[in-house]
Amino acid sequence: MPTTPLRDRASWKALERHHAEISGRHLRELFAEDPGRGERMSAEAAGLYLDYSKNRVTGETLNLLNDLARESELEQRRDLMFGGERINTSEKRSVLHVALRMPRDAELVVDGADVVAEVHEVLDRMAEFARHVRSGQWKGHTGKPIRNIVNIGIGGSDLGPVMAYEALRHYSKRDLNFRFVSNVDSTDFAEATHDLFADETLFIVSSKTFGTLETLTNAHSAREWVVAQLGTDEAVARHFVAVSTNAERVAEFGIDTANMFGFWDWVGGRYSMDSAIGLSTMLAIGPEHFGEMLAGFHEMDEHFRTAPLAENLPVIMGLLSVWYVNFFGVQSVGVMPYEQYLKRFPAYLQQLTMESNGKHVTHDGAVVGYDTAPVYWGEPGTNGQHSFYQLLHQGTRLIPVDLIGFGKSLNPLGDHHDLLMANVFAQAQALAFGKTEEEVRAEGTADDVVPHRVMEGNRPTNVLLAERLTPQMLGVLVALYEHIVFVQGTIWGIDSFDQWGVELGKVLAGQIAPELMSDEEPELAHDSSTDTLIRRYRGLK
Ligand code: F6P
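Rules behind the numbers
Residues numbered from 1 in each chain as written. Predicted model: local features only at pLDDT ≥ 70, side-chain atom pairs only at ≥ 80, totals over all residues. Heavy atoms only, no water. Helix = DSSP H or I, 4+ residues; strand = E, 2+ residues; numbered from the N terminus. Expected span 1.5 Å × (residues − 1). Bend = angle between axes of the 7 residues up to and from the residue. Buried < 20%, exposed > 50% of the residue type's maximum accessible area, 1.4 Å probe, protein only. Polar contact = N/O pair within 3.5 Å; in protein donor to acceptor, adjacent residues only side chain to side chain. Near = heavy atom within 4 Å. Areas by Shrake-Rupley, 256 points an atom, 1.4 Å probe, with all protein chains shown as cover. 1 Å grid on protein atoms, 1.4 Å probe; cavity = no way out; pocket = protein on both sides within 12 Å on 5 of 7 lines; lining within 4 Å. Sits in = over half its atoms within 2 Å of the grid points. Salt bridge = Lys/Arg side-chain N within 4 Å of Asp/Glu carboxyl O. Pairing = 2+ DSSP bridges. Axes fitted to C-alpha atoms, helices over the stretch in contact; angles between N-to-C directions. Phe/Tyr/Trp six-rings, centres within 6.5 Å; stacked < 30°, edge-to-face > 60°. Points joined across faces, edges and corners; volume = space filled by probe spheres on them. Nonpolar A, V, L, I, M, F, W, Y, C, P; charged D, E, K, R; others polar. Contact = heavy atoms within 4.5 Å. Core = buried A, V, L, I, M, F, W, Y, C linked by side-chain atoms within 4.5 Å.

What follows concerns helix H12 (residues 279-306). Over its 28 residues, H12 extends only 30 Å from the first C-alpha to the last, a length that falls short of the 40 Å expected when each residue adds 1.5 Å. In H12, a bend of some 115° at Gly-286 exceeds every other bend along the element, and Pro-287, a proline, comes one to four places later.

Here it is, written out as structure tokens:
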């Protein structure tokens, strides 16, 4: 770790001075002065093209940001991650999601074990199981093949599987039905199962710890649902499999560990969609497509590991977000996929980015004294345009946006795709260049309406463009954002791989739950607000 605190680094101070000089400059001027900017400020890797020219930066900004990366020892820390060092300092763990997609012939020895060999052993078991289920060889308790697959999990054990299923639905086996249950709200389980029959339904209980309240509650309800319909506990063996790092708890729950797919404590929950947590994805798209997705992840990993900083997509995008958050005071970042299949991608990114970098102390426990993760959010285009884009264009906040588009639709229909993509390019244009008062007046606008129609512009975007959404490209995109998070976390000097902030709420809910359930009036000793709410709730239930 660099010894100089972030804000005392020479590159940080240079960026502060530079920001004072250029923050008032408009993208209109930057483009007028430098017509080659649109072509030059671009980078490409693994079939993904990034246009970052519509950012409020000059060549000098980029050089200074790269200096900051170097002074923050980004490359060294990246190499430590790829080497299996315990860079998750507060949990003293390695951070090795990159090992989940290393090819079979690679080798990475950590604590005396070749983790790549272990990864492929599990992948092979998953593939065998997926082939059995997909071909109908795996039979339910009454001898029927499986038609419905319900993943039970939450957080990283849900968001990745749901996002990937939706993203790759085009490649999925359409005669298998996929459902995802995450919320402890019983409506989630009830709606997911209301039209299913237990004799043709397989539950995947996905939980790294196998100790998460929501998942265990849903898994118990699922077991009761199966046993009630099929009349015997013996049915559990054919209708439940588990994905976890905790074999003991899986066995305690009653799932045969022969039907368990493992992973390791060096895979963070939000970095686990390409581990066995992706079993539902593999069941949907098949082992071959799953392998293509892993290859896409690995291509982006290799790009991140080897490309020079100035050409490195995750480095460029990560540093740009630092530039906006720490120098422009940006509070949120939008990610808008112009691809309906990526409708859950923003939700997935919310856990990845905010659970990772929503931290207020550095590795050594000092309060940071600067902003860390912005709020990530988004919706697929063009829907958002008819909803919140007004604020992006004319609101008082600066919100950088990533726009993601593809050259080809997976469901071509008339002019739809050209119209969709025209909107990607038009939004980036409108956000950057806006509309001046002169332009508005020249259109014959009445004086009193002119101020309402002026669009300031100077609002930054990144445009990401690929040929089409494939399993490989999904892997590329997810790995891109994983590494963006890594770049940000390294600059901010925080542990992007722990999540202590979620614990207190879990503990308090554990204390309150018995007070809600008890038949006797409980003795309450919380604060007066919590006590009153508990009494009100008890009166309502
Ligand atoms: O509560 C947060 C969290 O620990 C996430 O980090 C994780 O993805 C999720 O809960 C689910 O955890 P598990 O897979 O252990 O059930």
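This brings us to the environment of Asp-498. One can find Asp-498 in the loop between helix H19 (471-492) and helix H20 (503-517). The exposure class of Asp-498 is buried, given its relative accessible area of 6%. Sequence separation between Asp-498 and Lys-92 is 406 residues, and the spatial gap between their C-alpha atoms is 9.8 Å. Of note is the side chain of Asp-498, whose polar atom sits 3.3 Å from the side chain of Trp-500.

Turning our attention to the site of the ligand. As a structural note, the neighbourhood of the ligand is formed by 14 residues, with Ser-157, Ser-207, Lys-208, Thr-209 and Thr-212 the closest of them. Taking Gly-156, its main chain carries an N or O atom lying 2.7 Å from an oxygen atom of the ligand. Thr-212 is positioned such that a nitrogen or oxygen atom in its side chain is 2.5 Å from an oxygen atom of the ligand. Relative to its unbound accessible surface of 400 Å², the ligand loses 88% to contact with the protein. In a pocket analysis with a 2 Å cut-off to the grid points, the ligand is assigned to the largest pocket.

Within this structure, the stated rule accounts for 30 salt bridges. In this structure, Lys-144 and Asp-199 form a salt bridge, with 3.2 Å as the shortest nitrogen-oxygen distance. Of this pair, Lys-144 sits in the loop between helix H6 (115-135) and strand E5 (148-152) while Asp-199 sits in the loop between helix H8 (186-193) and strand E7 (201-206); the two residues are 55 residues apart in sequence, bridging distant segments of the chain. When salt bridges that share partners are traced, they join Arg-101, Asp-274, Asp-301 and Glu-482 into one network.

Moving on, we get to the sheet that holds strand E1 (residues 42-45). Spatial ordering of the open sheet is given by E1-E2-E13-E12-E10-E11, a layout of six strands whose pairing is mixed. The sheet terminates laterally at E1 and strand E11 (375-377), the two strands that pair on one side only. Mean inter-strand twist for the sheet, computed between neighbouring axes without regard to direction, equals 15°. Note that strand E2 (residues 48-51) and strand E13 (residues 461-466) share four bridges and pair antiparallel.

The next thing to look at is the packing of aromatic side chains. Tallied over the full model, the rule gives 24 aromatic pairs. Ring geometry for Phe-189 versus Trp-225: centroids 6.4 Å apart, planes at 90°, classification edge-to-face. Highlighted residues: Phe-189 in helix H8 and Trp-225 in helix H9 (residues 213-230), separated in sequence by 36 residues. Owing to a relative accessible area of 10%, Phe-189 belongs among the buried residues under this scheme. Residue class for Trp-225 comes out buried when judged on its relative accessible area of 16%.

Going through the model one piece at a time under the given rule, you end up with two cavities of 30 Å³ or more. Size it by volume and the largest cavity reaches roughly 130 Å³. Every residue lining the largest cavity is counted, 15 residues in all, and those nearest its centre are Met-317, Ser-321, Val-333, Asp-402 and Asn-462. Listing elements by their share of the lining of the largest cavity, those giving two or more residues are helix H13 (313-327), strand E12 (401-406), E13 and H19. With four residues, H13 is the largest single contributor of residues to the lining of the largest cavity. Of the residues contributing to the lining of the largest cavity, the split by class is ten nonpolar, four polar and one charged. As a volume, the second largest cavity reaches approximately 50 Å³. If you go around the second largest cavity, the residues you meet are Leu-100, Val-119, Val-122, Leu-123, Met-126, Gly-262, Trp-264, Asp-274, Ser-275 and Ala-276.

We now examine the side chain of Gln-488. With respect to the element layout, Gln-488 can be found in helix H19. On the basis of relative accessibility, which here comes to 1%, the residue Gln-488 falls in the buried class. Separated by 2.7 Å, the side chains of Gln-488 and Ser-321 make a polar contact. In this view, Gln-488 contacts Gly-318, Ser-321, Val-322, Asn-357 and Tyr-376; residues no more than four positions away in its chain are not counted.

In terms of nonpolar packing, the biggest core is built from 125 residues, with Leu-48, Phe-345, Leu-474 and Tyr-481 touching the most fellow members. Counting residues per element, this core draws most heavily on H19, which supplies 14 residues. Not counting residues up to four positions away in its chain, the partners in contact with Leu-474 are Met-163, Ala-164, Ala-167, Leu-168, Met-273, Met-293, Leu-342 and Leu-469.

This part is about unusual backbone geometry. Between Gly-381 and Thr-382 the backbone carries a cis peptide bond, its omega angle lying at 5°. Position of Thr-382 among the secondary structure elements: in the loop between E11 and helix H15 (389-394). Even without being glycine, Glu-73 reaches a positive phi, approximately 60°. Structurally, Glu-73 can be placed in the loop between helix H4 (59-71) and helix H5 (74-82). Of note in this structure, Asp-111 is not a glycine but carries a positive phi near 50°. Summarising the element assignment, Asp-111 is placed in the loop between strand E3 (109-110) and strand E4 (113-114).

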